[in-house]
Amino acid sequence: MGLPESLKANAASSAEQRKLAGKHIIVNTRSSVDPYLTYSPVRATREKVWKAFVNRGDGGGATDNNALIARILKLRVDRAKLLGYKTHAHWRLENAMAKTPENAMQLMEAVWTPAIAQVAIDVAAMQAIVDADAKAGGASFKIAPWDYRFYAEKVRKAQYDLDMNEVKPYMQLDKLREAMFWASGEVYGFQYQKVEGLPVFHEDVTVYEVTRAGKHVGLWYFDPYAREGKRSGAWMNAYRTQERFKGEITTIVSNNSNFIKGPPGEPVLISWDDATTLFHEFGHAIHGLNANATYPSVSGTAVARDYVEFPSQLNEHWLPTPQVLSKFCVHYKTGEPIPQALVDKIKAADKFNQGFDTTEYLASALIDMKLHLAGDVDIDPDKFERDELTKLGMPQEIVMRHRTPQFGHVFSGDGYSAGYYSYLWSDTLTADVAEAFQEAPGGFYDKPTGQRLIDTIMSKGNSVDPVEQFRAFRGRDVKIGALMRNRGFPVPPGA
Ligand SMILES: [Zn+2]
């Protein structure tokens, strides 16, 4: 097993761009480091690449961020105190759903313990592979952080045997757009009609009028294809928010992605992950389209950071429903629906490596919160990180997803400072609400549950406290059981 051809080609072209034709370069970015660590059988080079990556911003000299971070933390404490708060974290969380750092910490700690327990199990399975190789004459060593992705990939291949390229012929962009329309019609009562003649900023952009029970709800703009100068990735945008303060105003929302446009008349095939993202971004659009608020400042997606990803994550759950799979995920040549065996494999693979993913993420989220809860003290970021991770029992085989000196989410602006926990918070809400649908007689297409979702959550924006919204939908406060089940972790009693 060696490096995939695409990785070699990337490494060669990176070298060429740096006038080193004939050589190969692994650029020190996540998108080239992660695949290298996953596929390279050369252990010594994996170690070198890993060390360079995790020590970004931490190597002394002009690019070392430690002193800057200490100063940012100090200034944040000063500002919080001027504003009358105990710490920066207390200030940042006042308007979040979590409300207090203690609530956020409680959730993170509840998930941390089972996550690191899962890591211990996974590392044992990987160590067994190394030990068996050693018996057959290979090198003998203890799994180190630069071995984790490489051996996890071996386990994945052995346990799940899933080739994502088999899935792609069933994923046609046009059909998936129809699937989103159909599913949101079933759940939210939306109908979509293509509109011609409205001004658009590029000929690839299409516009649809959205109605419910014959009544105009808003417009949905779709800009699916990559082109020069367009921002990368996928996102939702509200060009106009629903409100009735300045009169009855309906919303204009858009979804944008970067699919490669095919030849005319040929279907654009996308990956399962991209289809999931498509449903995710459409979930943000649906949140905007369901808005029913008086004031634009609290309408639609104008909600707390730890709440905004929940309606969009929730919408991802409609992609793997049998209705969508059988009607819309059909082979672009034969028209046959995607085989159930393939779908089962995709679902099983969802639980793969959750110990690693959760632990590397949570280590960052916990350190973020602890840094901003420390208050008015001098902080040496390296030492703080080391000491706190030791206290947490951080597994030796994993490093934080973003170590402190390279934690752009938290230090390039206030945006995610004391807020990196938000992803887990939203995930917990999503899992719990998805389970309400799973438990309902009609599953994800259960009419009363869908109506309750509109009435209590999707239409409310930030006009009602998100804690109250959730309670009104679920009849209780959020529990972590559903999240734990999704990740394949043991469920604590009462959760
Ligand atoms: Zn999102």
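Below, the structure is looked at part by part. (Residues numbered from 1 in each chain as written. Predicted model: local features only at pLDDT ≥ 70, side-chain atom pairs only at ≥ 80, totals over all residues. Heavy atoms only, no water.)

## Let's talk about the environment of S364
Then, in step 1: Among the secondary structure elements, S364 is positioned in helix α13 (residues 354-373).
Then, in step 2: C-alpha separation for the pair S364 and V324, spaced 40 residues apart in sequence, amounts to 36 Å.
Then, in step 3: Contact partners of S364, with chain neighbours within four places excluded, come to M400, R401, H402, F407 and Y420. (Helix = DSSP H or I, 4+ residues; strand = E, 2+ residues; numbered from the N terminus. Contact = heavy atoms within 4.5 Å.)

## Side note on the packing of α13 against helix α14 (residues 381-392)
Then, in step 1: Axis separation between α13 and α14 bottoms out at 11 Å; the angle between their running directions is 120°. The angle between α13 and α14 falls in the class oblique. Pair α13 / α14 crosses with right-handed handedness. Contacts between α13 and α14 pair A363, L366, I367, K370 and L371 from the former with F384, E385, E388, L389 and L392 from the latter.
Then, in step 2: Of the residues contributing to the contact of α13 with α14, the split by class is seven nonpolar, no polar and three charged. (Axes fitted to C-alpha atoms, helices over the stretch in contact; angles between N-to-C directions. Parallel < 35°, antiparallel > 145°, perpendicular 65-115°, else oblique. Left-handed = near helix turned anticlockwise from the far one by under 90°. Nonpolar A, V, L, I, M, F, W, Y, C, P; charged D, E, K, R; others polar.)

## A short note on the pattern of salt bridges
Then, in step 1: One pass over the structure, following the stated rule, counts 36 salt bridges.
Then, in step 2: Two residues, R149 and D34, come together in a salt bridge whose shortest N-O distance is 3.6 Å. On the criterion of sequence distance, the pair formed by R149 in helix α7 (residues 148-160) and D34 in helix α2 (residues 30-39) is long-range, its members being 115 residues apart.
Then, in step 3: On the basis of relative accessibility, which here comes to 15%, the residue D34 falls in the buried class. (Salt bridge = Lys/Arg side-chain N within 4 Å of Asp/Glu carboxyl O. Buried < 20%, exposed > 50% of the residue type's maximum accessible area, 1.4 Å probe, protein only.)

## Comments concerning the coordination of the zinc ion
Then, in step 1: Protein coordination at the zinc ion comes from H280 (NE2), H284 (NE2) and E309 (OE), with a distance range of 2.0 to 2.1 Å.
Then, in step 2: Read N to C, the donor residues that coordinate the zinc ion are spaced as H-x3-H-x24-E. Separated by 29 residues along the polypeptide, H280 in helix α9 (residues 272-289) and E309 in helix α10 (residues 309-315) bring together distant segments of the chain. (Donors = N, O, S within 2.8 Å, 3.2 Å for Na, K, Ca; no water.)

## Remarks on α14
Then, in step 1: With 12 residues, α14 extends 16 Å between its outermost C-alpha atoms, agreeing within 8% with the 16 Å of an ideal straight helix rising 1.5 Å per residue.
Then, in step 2: Among the residues of α14, P381, F384, E385, E388, L389 and L392 are the ones counted as buried. Around the axis of α14, the buried residues are gathered within 115° of arc, so they sit on the same side. Across from the buried face of α14, at angles greater than 90 degrees, the exposed residues are R386, T390 and K391.
Then, in step 3: Where α14 is buried, its residues contact α4 (66-82), α6 (101-135) and α13.
Then, in step 4: Backbone geometry just after α14 places G393 at a positive phi near 75°. (Expected span 1.5 Å × (residues − 1). Arc of directions from axis to C-beta.)

## Brief notes about the environment of C329
Then, in step 1: Mapped onto the elements, C329 comes out in the loop between α11 (322-328) and α12 (340-349).
Then, in step 2: Along the sequence, C329 and V207 sit 122 residues apart, while their C-alpha atoms lie 23 Å from each other.
Then, in step 3: Beyond its immediate chain neighbours, meaning those up to four positions away, C329 contacts Y170, M171, L176, L319, V324, E336, P337 and I338.

## Points about the packing of helix α16 (residues 422-439) against helix α17 (residues 447-458)
Then, in step 1: Closest axis-to-axis distance for the α16/α17 pair is 9 Å, and the angle between their directions is 150°. One way to sum up the angle between α16 and α17 is to call them roughly antiparallel. As α16 packs across α17, the resulting crossing turns out to be right-handed. Residues V433, A436 and F437 of α16 form the contact with α17, whose participating residues are T449, G450 and L453.
Then, in step 2: Considering only residue class, the contact of α16 with α17 consists of four nonpolar, two polar and no charged.

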